[in-house]
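So you can see what is in the structure, the chains are spelled out below.
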Amino acid sequence: MYKGALLQKCSQSKCETPRDNGIVPHDTPTPDDAARCPCLSGNSYGDCCAPIHRGAGLAPTAERLMRSRFSAFALGLPEYLLDSWHPSTRPEELELDPHLRWQLLDILRTERGGPFDRTGIVEFRATFRDGTGTVTGTGGSTRGELHETSSFVREGQRWYYVDGVTD
Ligand SMILES: [Zn+2]
């Protein structure tokens, strides 16, 4: 369903931008379980974020939820992103920019966010490549960085993303 929506979107004007660098993130196939997880944990996708994305497991900590959300951005899984967003701050819908390719995640700091905490903070830096330069405002393929301090809350066994402060 989701892929169909993206394809639909990409038949429209936005995707007529020349693909000068060959980076076409939305055509990237979802990695199989043996591939390295996009969150760069060092584990395979099947042993890391895949079960969380598929609802077969829960992120035990705020940091794990953060990592699974980064992977979901990298893989283009808006449904999971909405699902892991706290209902109080969750947007109605989420449209991922198909020209952004999320590449690196550095967890800089965590506060609380453990299995017995109710809230958690994760500060991270994420690196992306902007295939069109529209996001970074450069007009060409370039690299950008997102530095965010995110808040998480636990309800029952589940961690949720609440919101984030970027700079
Ligand atoms: Zn992972």
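Predicted model, so just to flag it, every value in this text is computed and none were measured.

1. Focus on the overall build of the chain
Thinking step 1. Broken down by element type, the chain carries 4 helices and 4 strands.
Thinking step 2. Here the chain holds 167 residues, and 28% of them are scored as buried.
Thinking step 3. A fraction of 49% describes how many contacts in the chain between residues 6 or more apart in sequence connect residues 24 or more apart.

2. Points about the nonpolar core
Thinking step 1. Of all hydrophobic cores here, the largest spans 28 residues; its most connected members are C49, L65, F70 and F152.
Thinking step 2. Those elements that place two or more of their residues in this core are helix 2 (50-53), helix 3 (62-75), strand 1 (100-112), strand 2 (119-130) and strand 4 (158-166).
Thinking step 3. Here this core takes 8 residues from helix 3, the largest share from any one element.
Thinking step 4. Not counting residues within four places of it along the chain, the set of residues in contact with C49 comprises C37, C39, R67, S68 and S71.

3. Side note on the environment of R69
Thinking step 1. Assignment of secondary structure puts R69 in helix 3.
Thinking step 2. Residues R69 and I52 lie 17 residues apart in sequence; the distance between their C-alpha atoms is 9.6 Å.
Thinking step 3. Residues in contact with R69, not counting those within four places in the same chain, are L81, S84 and Y161.

4. As for the sheet that holds strand 3 (residues 142-155)
The pairing of strands in a sheet comes from backbone hydrogen bonds and takes either a parallel or an antiparallel form.
Thinking step 1. The 4 strands are arranged 1-2-3-4 in an open sheet whose pairing can be described as antiparallel. Where the open sheet ends on each side, the last strands, each with one partner, are strand 1 and strand 4. Taking each pair of neighbouring strands and ignoring which way they run, the sheet shows an average axis angle of 30°.
Thinking step 2. With 11 bridges joining them, strand 1 and strand 2 adopt antiparallel strand pairing. Directly across from L105, in strand 2, lies its bridge partner A126.
Thinking step 3. Against the sheet, helix 3 contacts strand 1, strand 2, strand 3 and strand 4, and its axis sits at roughly 170° relative to strand 1.

5. With respect to helix 3
Thinking step 1. Helix length check: helix 3, at 14 residues, gives a terminal C-alpha distance of 20 Å against a target of 20 Å (1.5 Å per residue), a fit within 8%.
Thinking step 2. In the segment just after helix 3, G76 is the residue with positive phi, at about 75°.

Calculation notes
Residues numbered from 1 in each chain as written. Predicted model: local features only at pLDDT ≥ 70, side-chain atom pairs only at ≥ 80, totals over all residues. Helix = DSSP H or I, 4+ residues; strand = E, 2+ residues; numbered from the N terminus. Buried ≥ 20, exposed ≤ 12 C-beta atoms within 10 Å, placed from the backbone. Contact = placed C-beta atoms within 7 Å. Core = buried A, V, L, I, M, F, W, Y, C linked by C-beta atoms within 7 Å. Pairing = 2+ DSSP bridges. Axes fitted to C-alpha atoms, helices over the stretch in contact; angles between N-to-C directions. Expected span 1.5 Å × (residues − 1).

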